[in-house]
Amino acid sequence: MKTISPVEASRLCANGGAVLVDVREPDEHAREKIAGAVSLPLSSWDGSQLDAGPLIFHCRSGARTEVQAYRLKQKAGDCDWFILEGGLDGWRRAGLPIARDARQPLELQRQVQLAAGSMVALGTLAGLLLSPWFFGVPLFVGSGLTFAGASGFCGMARLLARAPWNRRVPLGAA
């Protein structure tokens, strides 16, 4: 696994024609990204979309790309490829520009965390103050999260994805 610093990656993209590849999900990429990065989520591409190198893969923190390094090498083929040290967060810490679109909804994973955490906290508080029956709420949420982790299916994420605030704002819309 070869890593590259954000400053070196920026120079390589500007001078050497390297391609930044964002392996995060589309909802993550829509809200915050490195300008010019190509969005190719790990969950939905096979590498055939990329035929030029060098390639610089990145996620938010760098952890996802490090864990998937072998898979990324397979997808990159014979071209030169790197993993961006620290991912998008490292790019930001290096003082390099980030494109943000606050009109886009929060990432779905964060929405699930906010909803589940709120339900657990409120259910526990209601169980302590109002009735022990409310302890069923955190039990239900915890069971749902356990099922999601084991099966890969998250009912709460599916419901939240259909929420009105998760309608994407088209690029260029005021």
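The present account deals with the structure reproduced in this document. On a predicted model such as this, the values are computed, not experimentally measured, just so you know. (Residues numbered from 1 in each chain as written. Predicted model: local features only at pLDDT ≥ 70, side-chain atom pairs only at ≥ 80, totals over all residues. Heavy atoms only, no water.)

### Some words on the packing of aromatic side chains
Counted only if it meets this: Working definition: a ring pair exists when centres of Phe, Tyr or Trp rings (six-membered ring for Trp) sit within 6.5 Å. Plane angles under 30 degrees give stacked, over 60 give edge-to-face, the rest tilted. Should the NZ of a Lys or the CZ of an Arg lie within 6 Å of a ring centre and within 35 degrees of the ring normal, that charge is described as sitting over the ring.
One pass over the structure, following the stated rule, counts one aromatic pair. Directly above the aromatic system of phenylalanine 82 lies the positively charged group of lysine 2, at a separation of 5.1 Å from the ring centroid.

### Overview of the side chain of glutamate 32
The following threshold applies: Strands are runs of DSSP state E lasting at least two residues, helices are runs of H or I lasting at least four, and both sets are numbered from the N terminus onward. Any pair of N or O atoms that falls within 3.5 Å is considered a polar contact. Within protein, one atom must be able to donate a hydrogen and the other to accept it, and sequence-neighbouring residues count only if both atoms are side-chain atoms. Should any heavy atoms of two residues lie within 4.5 Å, those residues are considered in contact.
Examined against the element boundaries, glutamate 32 turns out to sit in strand β3 (residues 32-33). There is a polar contact of 2.7 Å between the side chain of glutamate 32 and the side chain of arginine 92. Setting aside its immediate chain neighbours within four residues, glutamate 32 contacts Arg24, Leu88, Arg92, Ile98, Ala99 and Arg100.

### Considerations on the packing of helix α6 (residues 108-129) against helix α7 (residues 136-151)
Selection criterion: Note on geometry: axes are C-alpha line fits, over the in-contact stretch for helices, and angles between N-to-C directions span 0 to 180 degrees. Should an angle fall under 35 degrees it is taken as roughly parallel, and over 145 as roughly antiparallel, whereas 65 to 115 is taken as roughly perpendicular and any remaining angle as oblique. Side-chain classes are defined by residue name, with Ala, Val, Leu, Ile, Met, Phe, Trp, Tyr, Cys and Pro counting as nonpolar, Asp, Glu, Lys and Arg as charged, and the others, Gly among them, as polar.
Here α6 crosses α7 at 150°, and the two axes come no closer than 7 Å. In terms of orientation, α6 and α7 fall into the roughly antiparallel class. Across the interface between the two elements, Val112, Ala116, Met119, Val120, Gly123 and Thr124 of α6 pack against Val137, Pro138, Val141 and Leu145 of α7. Across the contact of α6 with α7, the residue classes break down as eight nonpolar, two polar and no charged.

### Thoughts on the pattern of salt bridges
Put simply, the rule reads: Salt bridges are identified by distance alone: a Lys or Arg side-chain nitrogen within 4 Å of an Asp or Glu carboxyl oxygen. Only protein chains enter the area calculation, which uses a 1.4 Å probe; residues under 20% of their type maximum are buried, those over 50% are exposed, and those in between are partly exposed.
This structure, assessed with the given rule, holds eight salt bridges. Between arginine 24 and aspartate 22 there is a salt bridge, with its nearest N and O atoms 2.7 Å apart. The same class applies to arginine 24 as to aspartate 22, namely buried. Note that glutamate 28 and arginine 64 form a salt bridge whose closest N and O atoms lie 2.9 Å from each other. Linking glutamate 28 in helix α2 (residues 26-31) with arginine 64 in helix α3 (residues 63-67), this pair joins segments that are 36 residues apart in sequence. On the accessibility criterion, glutamate 28 (10% relative accessible area) is buried. Salt bridges sharing common partners tie together Glu32, Arg60, Asp89, Arg92 and Arg100.

By themselves, these observations are geometric and do not establish any function.
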